[in-house]
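Fold and contact review
So you can see what is in the structure, the chains are spelled out below.
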Amino acid sequence: MIVELEAYDHTDPAAHGYGNRRTDRNASMFLPGGVAYVYRSYGVHWCLNFVCGDADVASAVLIRALEPTHGLDEMRARRGLDDVRLLCSGPGRLCQALGVTRAHDGLSLEKPPFELIPAPEAPQRILRGTRVGITKAAELPWRYGLAGSRFVSRRFAT
DNA sequence: GTATTGATCTTCT
DNA sequence: GAAGATCAATACA
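Okay, so let's go over this structure.

1. A short note on the protein's contact with DNA strand C
The environment of DNA strand C is formed by 20 residues, the closest being His45, Asn49, Arg79, Arg93 and Gly133. A share of 56% is what sugar and phosphate atoms reach among the atoms of DNA strand C within 4 Å of the protein. The side chain of asparagine 49 places a nitrogen or oxygen atom 2.5 Å from a base nitrogen of DNA strand C. Contact between DNA strand C and threonine 135: a phosphate oxygen at 3.0 Å from a side-chain N or O atom of the residue. When residues of the surface near DNA strand C are traced back to their parent elements, those giving at least two are strand S2 (36-41), strand S3 (45-51), strand S4 (59-66) and helix H3 (91-98).

2. A few points about the protein's contact with DNA strand B
The full set of residues close to DNA strand B is Thr23, Asp24, Arg25, Arg40, Tyr42, Gly43 and Val44. Across the atoms of DNA strand B situated within 4 Å of the protein, the share located in sugar and phosphate is 70%. Note that a phosphate oxygen of DNA strand B is positioned 2.8 Å from one of the backbone N or O atoms of arginine 25. Between a base oxygen of DNA strand B and a main-chain N or O atom of tyrosine 42, the distance comes to 3.2 Å. When its residues are assigned to classes, the surface near DNA strand B shows 2 nonpolar, 2 polar and 3 charged.

What counts and what doesn't
- Residues numbered from 1 in each chain as written.
- Chains lettered and ligands numbered in written order.
- Predicted model: local features only at pLDDT ≥ 70, side-chain atom pairs only at ≥ 80, totals over all residues.
- Heavy atoms only, no water.
- Near = heavy atom within 4 Å.
- Polar contact = N/O pair within 3.5 Å; in protein donor to acceptor, adjacent residues only side chain to side chain.
- Helix = DSSP H or I, 4+ residues; strand = E, 2+ residues; numbered from the N terminus.
- Nonpolar A, V, L, I, M, F, W, Y, C, P; charged D, E, K, R; others polar.

Quick look at the structure:
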């Protein structure tokens, strides 16, 4: 279950698609919404985004944290640790737990290997805050998280 | 509990 | 050549 994400769009200096400038890396952000954008972070990790909006307009949400509900054993094997709290609580961690790599970049989110399932119940409260790990446009409150979740990558300011 | 640092790839200057 | 949508290990309080 997705519990934390951040928004990025073409007006955002912190985004890879700022100014709708297309590069080899961010090409998937210019596809019509409903596909994955996967990029390498700090040369070490993969990060997963859901592309939004129309074709040729760069916008996406970075999936920052999940509450693991299915395939716990497989996630533990991929991550090499047991603590459920640490399996998917961060964009790099969740990609490792789910086995997401560049091979998934540009793939539709509506067919395998992806499958999105509506949450069993609507979230009671969503918290908003500033985004993590950026220097430009750091003041924009474009980070969202499920209130009370123990699986967010960082606490939200009260 | 917070602070610092190395790992190591892609993009842009 | 520098910076970056990060993580884990280490050092210190």
